[in-house]
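Fold and geometry: a report
Okay, here's what each chain looks like letter by letter:
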Amino acid sequence: MSVRIFIPKDAAALSVGAESVARRIAEEAMSRGSAVEIVRTGSRGILWLEPLVEVETSIGRCAYGPVAPRDVAGLFDAGFLTGGAHALAHGAVETMDWMIRQNRVTFARVGAIDPVSLDDFRAHGGLAGLERAIAMRGADIVDSLQASGLRGRGGAGFPTWIKWRTALEASADQKYIVCNADEGDSGTFADRMLMEGDPFLLIEGMAIAGLAVGATRGFIYIRSEYPHAFRTMSDAIGVAEKAGVLGGSVLGSGRAFRLEARLGAGAYICGEETSLLESLEGKRGVVRAKPPIPALQGLFGKPTVINNVLSLAAVPSILADSAQAYAEYGVARSRGTLPFQIGGNVKRGGLVELAFGATLRELIEGFGGGTRSGRPIRAVQVGGPLGAYLPANQLDTPLDYEAFAAIGAMLGHGGIVVFDDSVDMAKQARFAFEFCAKESCGKCTPCRIGAVRGVETLDRIVAGVEREKNFAVLDDLNKVMTDASLCAMGGLTPMPVMSALRHFPEDFRRPPQRQAAE
Amino acid sequence: MTAVAGWNEEVAREIVTRLVALDGAMLPILHALQDEFGYVDPAAVPVIAAALNISRAEAHGTISFYHDFRAAPAGRRVVKICRAEACQANGCEGLLDEVRARAGLSPDVPGDDRLTIETVYCLGNCALGPSALVDGELVGRLDADRLIGLCANGSVEDAQVAAGETK
């Protein structure tokens, strides 16, 4: 009998050589006459150990990593096919400290299964939620969602069930489900990992949404920076159609749901829901004024549920295992789990799915092990480019929506970017404006003009030109952008700027540097 | 990357005709054109406008809105380097300074038919940066040597393996 070896083909694993490792293992097994079956999986999210190779043994799936092609012969010599000891061995992956301290609900299968094998998906509990949904009335599905406490995982934290109920109660000849997979926030990669590691889960969640609100068509809008996710998702949709999970009669229910994956085109703003809808319709990704809300007039003017990947991917387990089981995770008004992503200057970066309520410190120090450079942590940006920069003395803040709002920050999509003490926070603040200027859709003045003025004003401050006056201008600018922008792009750009100014004022008051002679 | 074919209006019309029935066909058409030719030739504007029954101004406005679509052919090697916050935390700006000083290479300046270097904001590889997408393949843990090598048409796979060996 052949030994099963699991090697990720997740883009992050590929970026550090997983493809060469897979080929090297196949060659080595061939030359030694060892019977092996190589299964390509998603990533467990233990990214600092990628490429992480797992071997199925009697004591579980033994993990070895990070494996380089030059390590492969030594691994065979050490008997890794039977879980043999080796300097790169970590024991059974399910018992690794990094894994047992998590609450893997949405990411339970990611890294464990072949992403495009529907049999694997079913064998690991897939489709149970959809099967249950088929037997339920739409309103009951929405009630379950409400009882679970699920809030939008894209960043805004808006209760998911309200969007669904609104679309359900709207009457129209056509309704749509749209998945926002335009994961543009720096420091976030959970959507990518989910689409590459367990695409059927997203398909299942979207099909449930379709049944719940009476939508027969869905679109997944995937950013073009994620070519691997787009391919895996498209392949999985093809498999699901052939197997009757999607199509004219979902799992034989007699009800239709069809799905298409669409590619974005490099515009950050298209992660904003109304801009995404414009882009899907084939137009410039310009933000729409609300109302009308998308649940009533969304894609092509029809009632549309638009949710983030992680929101939709949380739905199957809520139906399969009960809303109460999901709601038992978390604290206060933040129920369930959030797949956090630890990146930037961190020793052990990766994906950590936890119930709300743990602290930032547990993530960055407990899981992340501090900075990769070995220098002290100076700042942590949570929630993407529009999220606040927090100083080291706020690391004990609990990870829940309200606790973060209370300190002028946001959880966003759960991305955490660590900076050491070499960071210049005036530069980071300037970048926030620069990014907004580059990516603004241009529809509203506070965002379009404000971002450009912000860059200019910060440049004057750093250059020491009329500092106090320019601080006043900056403050004014931030107020206008926060209060008067049409969407979160302009409205939240002041958050990283003001947090940098509040927590790291010394970086804005350095003696001006003379321009170096060319 | 395989060499891109030169602009061919007949092929462009076939692409547009094949995709025009899709709902919201614009982006799929533009991606297909860029996949075929390596850019979206301005000559495609009237073809798209006629097929979608929109004005040429609307077609041009849509194309120019999106960073992805190029108006001129790209180099044979396309390096999209991430300059977002997580890669900044891992020194991507210093890396670019070093590459500029040593090899005279900068992102977002007109290249030649061999090389195009573009800035992107986040490739979703934030735990293993600095990162770049090289001819559609992701490379992590970049350093100046590897980035210069990749810009000189070096092997993507070798760069990935070297990244994995960086502890």
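How each quantity is defined
Residues numbered from 1 in each chain as written. Chains lettered and ligands numbered in written order. Predicted model: local features only at pLDDT ≥ 70, side-chain atom pairs only at ≥ 80, totals over all residues. Heavy atoms only, no water. Helix = DSSP H or I, 4+ residues; strand = E, 2+ residues; numbered from the N terminus. Buried < 20%, exposed > 50% of the residue type's maximum accessible area, 1.4 Å probe, protein only. Areas by Shrake-Rupley, 256 points an atom, 1.4 Å probe, with all protein chains shown as cover. Lys, Arg positive; Asp, Glu negative; His and termini not counted. Charge placed at Lys NZ, Arg CZ, Asp CG, Glu CD. Domains from an automatic or database assignment. Pairing = 2+ DSSP bridges. Axes fitted to C-alpha atoms, helices over the stretch in contact; angles between N-to-C directions. Contact = heavy atoms within 4.5 Å. Phe/Tyr/Trp six-rings, centres within 6.5 Å; stacked < 30°, edge-to-face > 60°. Lys NZ or Arg CZ within 6 Å of the ring centre and 35° of its normal. Buried area = accessible area lost by both parts, 1.4 Å probe. Salt bridge = Lys/Arg side-chain N within 4 Å of Asp/Glu carboxyl O. Core = buried A, V, L, I, M, F, W, Y, C linked by side-chain atoms within 4.5 Å. Polar contact = N/O pair within 3.5 Å; in protein donor to acceptor, adjacent residues only side chain to side chain.

**Let's talk about the overall build of chain B**
On a plain count of helices and strands, chain B comes out with 8 helices and 4 strands. Taken from the N to the C terminus, the helices and strands of chain B come in the order α-α-α-α-β-α-α-β-β-β-α-α. In terms of principal-axis extent, the alpha carbons of chain B reach across some 55 × 30 × 25 Å. Sorting the 167 residues of chain B into buried and exposed places 57% on the buried side. For chain B, the exposed area adds up to about 7000 Å²; of that, 51% sits on carbon and sulfur atoms. Side-chain charges of chain B comprise 14 positive and 24 negative groups, with the mean position of each set lying 3 Å from the other.

**Focus: the domain arrangement of chain B**
Segmenting chain B into domains produces domain 1 (9–65) and domain 2 (77–162). Spacing between the C-alpha centres of domain 1 of chain B and domain 2 of chain B amounts to 30 Å.

**Considerations on the sheet that holds strand β4 (residues 137–139) of chain B**
Residue and element names in this part refer to chain B. With respect to topology, 4 strands assemble into an open sheet ordered β2-β1-β3-β4, the strand pairing being mixed. Because the sheet does not close on itself, it has two edges, and the strands there are β2 (115–120) and β4. Averaged over all pairs of adjacent strands, the angle between strand axes in this sheet comes to 25 degrees, irrespective of strand direction. This element, helix α8 (residues 156–165), spans β1 (77–82), β3 (132–134) and β4 of the sheet and lies at about 35 degrees to β4.

**Remarks on the sheet that holds strand β6 (residues 176–181) of chain A**
All names here are of chain A. Ordered in space as β8-β7-β6-β9, the 4 strands form an open sheet in which the pairing is parallel. Of all the strands in the sheet, just β8 (258–263) and β9 (304–308) have a single pairing partner and so form its edges. The sheet shows a mean angle of 20 degrees between the axes of neighbouring strands, taken without regard to direction. Sheet topology note: the β6/strand β7 (residues 217–222) ladder contains 6 bridges and is parallel. Bridge pairing links Val-178 to Phe-219 in β7. Packed onto the sheet, helix α11 (residues 227–242) meets β7 and β8 and runs at close to 165 degrees relative to β8.

**With respect to the packing of aromatic side chains**
This structure, assessed with the given rule, holds 16 aromatic pairs over all chains. Ring plane angle 80 degrees and centroid distance 5.5 Å describe the contact between Tyr64(A) and Phe80(A), whose orientation is recorded as edge-to-face. Pair noted here: Tyr64(A) is in strand β4 (residues 60–64) and Phe80(A) is in the loop between α3 (72–77) and β5 (89–92), with a separation of 16 residues, a long-range link. Here Tyr64(A) and Phe80(A) have matching classes, each one buried. Judged by centre distance (4.9 Å) and plane angle (55 degrees), the rings of Trp7(B) and Phe37(B) are tilted. Of this pair, Trp7(B) sits in the segment before α1 (9–19) while Phe37(B) sits in helix α2 (residues 26–37), and the two are 30 residues apart along the sequence. Residue Phe37(B) is classed as buried on the basis of its relative accessible area of 1%. Here the guanidinium or amino end of Arg101(A) rests over the ring plane of Phe367(A), the centre of that ring lying 4.3 Å away.

**Describing the interface of chain B and chain A**
Put simply, an interface is often sized by how much accessible area is lost when its parts join up. Opposite the 46 residues of chain B that make contact, chain A presents 66 residues. With both sides pooled, the region where chain B packs onto chain A buries about 4400 Å², and carbon together with sulfur makes up 54% of that total. Looking only at chain B, the three residues that lose the most surface to chain A are Phe65(B), Glu85(B) and Tyr121(B), adding up to 17% of its buried area. At the surface where chain B touches chain A, the tally comes to 3 salt bridges.

**Things to note about the domain arrangement of chain A**
Residues and elements named next belong to chain A. Each assigned domain of chain A is listed with its residue range as follows: domain 1 (3–100), domain 2 (118–327), domain 3 (330–420) and domain 4 (425–508). Each partner contributes residues to the interface: domain 2 has 22 residues there, and domain 3 has 23 residues. Three residues, Arg-151, Arg-153 and Phe-189, lead the burial of domain 2 against domain 3; their summed loss comes to 32% of the area buried on that side. Remark: the boundary between domain 2 and domain 3 carries 1 salt bridge.

**Focus: the pattern of salt bridges**
All names here are of chain A. Considering all chains together, one arrives at 52 salt bridges over all chains under this definition. Between Arg-165 and Asp-143 there is a salt bridge; the shortest N-O distance is 2.6 Å. Highlighted residues: Arg-165 in helix α8 (residues 160–169) and Asp-143 in helix α7 (residues 138–148), separated in sequence by 22 residues. On the basis of relative accessible area, Asp-143 is assigned to the partly exposed category, the value being 35%. Salt bridges sharing common partners tie together Arg-24, Glu-27, Glu-28, Arg-32 and Asp-77.

**With respect to unusual backbone geometry**
The amide bond that connects Gly65(A) to the next residue, Pro66(A), takes the cis arrangement and shows omega of -10 degrees. Relative to the helices and strands, Pro66(A) resides in the loop between β4 and α3. Although it is not a glycine, Leu127(A) sits at a positive phi angle of roughly 75 degrees. Unlike most non-glycine residues, Asn53(B) shows phi in positive territory, near 60 degrees. Topologically, Asn53(B) is positioned in the loop between α3 (44–52) and α4 (56–65). Note on Asn53(B): relative accessible area 71%, which makes it exposed.

**Here we look at the nonpolar core**
Counting 189 residues, the largest nonpolar core has Trp164(A), Met195(A), Leu202(A) and Ile220(A) as its most contacted members. Other than its neighbours up to four places away in sequence, Trp164(A) contacts Ile141(A), Val142(A), Leu145(A), Gly205(A), Ile208(A), Ala209(A), Ala212(A), Val213(A), Val305(A), Asn307(A), Leu312(A) and Val315(A). By size, the runner-up hydrophobic cluster in this structure holds 19 residues, among which are Val134(B), Val139(B), Leu147(B) and Ile148(B).

**A closer look at the side chain of Thr106(A)**
Residues and elements named next belong to chain A. Mapped onto the fold, Thr-106 is located in the loop between α4 (97–100) and α5 (118–123). Residue Thr-106 is classed as buried on the basis of its relative accessible area, which comes to 5%. When near neighbours in sequence (up to four residues on either side) are disregarded, Thr-106 contacts Leu-194, Leu-201, Ala-313, Ala-314, Thr-337 and Glu-353.

**Describing helix α7 (residues 144–151) of chain B**
Residues and elements named next belong to chain B. Of all the 8 residues making up α7, 6 are buried; the element is thus mostly covered by neighbouring parts of the structure. Burial in α7 covers these residues: Ala-144, Arg-146, Leu-147, Ile-148, Leu-150 and Cys-151. Buried-residue contacts for α7 involve β1, α6 (92–103), β2, β3, β4 and α8. The opening residue of α7, the one whose side-chain oxygen lies 3.3 Å from the backbone nitrogen of Asp-145, is Asp-143. Where α7 ends, the next residue or the one after it, Asn-153, has phi of about 70 degrees, a positive value.

**Points about the environment of Gln381(A)**
With respect to the helices, strands and loops of the structure, Gln381(A) is situated in strand β14 (residues 377–382). Gln381(A) sits 29 residues away from Met410(A) along the chain, and the two C-alpha atoms are 9.7 Å apart. With near-sequence residues (within four places) excluded, Gln381(A) lies in contact with Gly387(A), Ala388(A), Tyr389(A), Gly415(A), Ile416(A), Val417(A), Phe419(A), Pro496(A) and Glu85(B).

**Observations regarding the pairing of strand β16 (residues 415–420) of chain A**
Moving residue by residue along a regular strand, the side chains alternate between the two faces of the sheet. Residues and elements named next belong to chain A. Judged by how many residues are buried, β16 sits mostly within the fold: 6 of 6 residues are covered. Neither face of β16 is left uncovered, since the one carrying Gly-415, Val-417 and Phe-419 and the one carrying Ile-416, Val-418 and Asp-420 both have all their residues buried. Looking at chain direction, strand β12 (residues 337–344) and β16 are connected through 4 bridges and run parallel. Paired with Gln-341 across the strands is Gly-415, a residue of β16. Two strands pair when backbone bridges link them, and β14 and β16 are joined in this way by 5 bridges, in the antiparallel orientation. Across the sheet, Ala-379 pairs through a bridge with Phe-419, a residue of β16.

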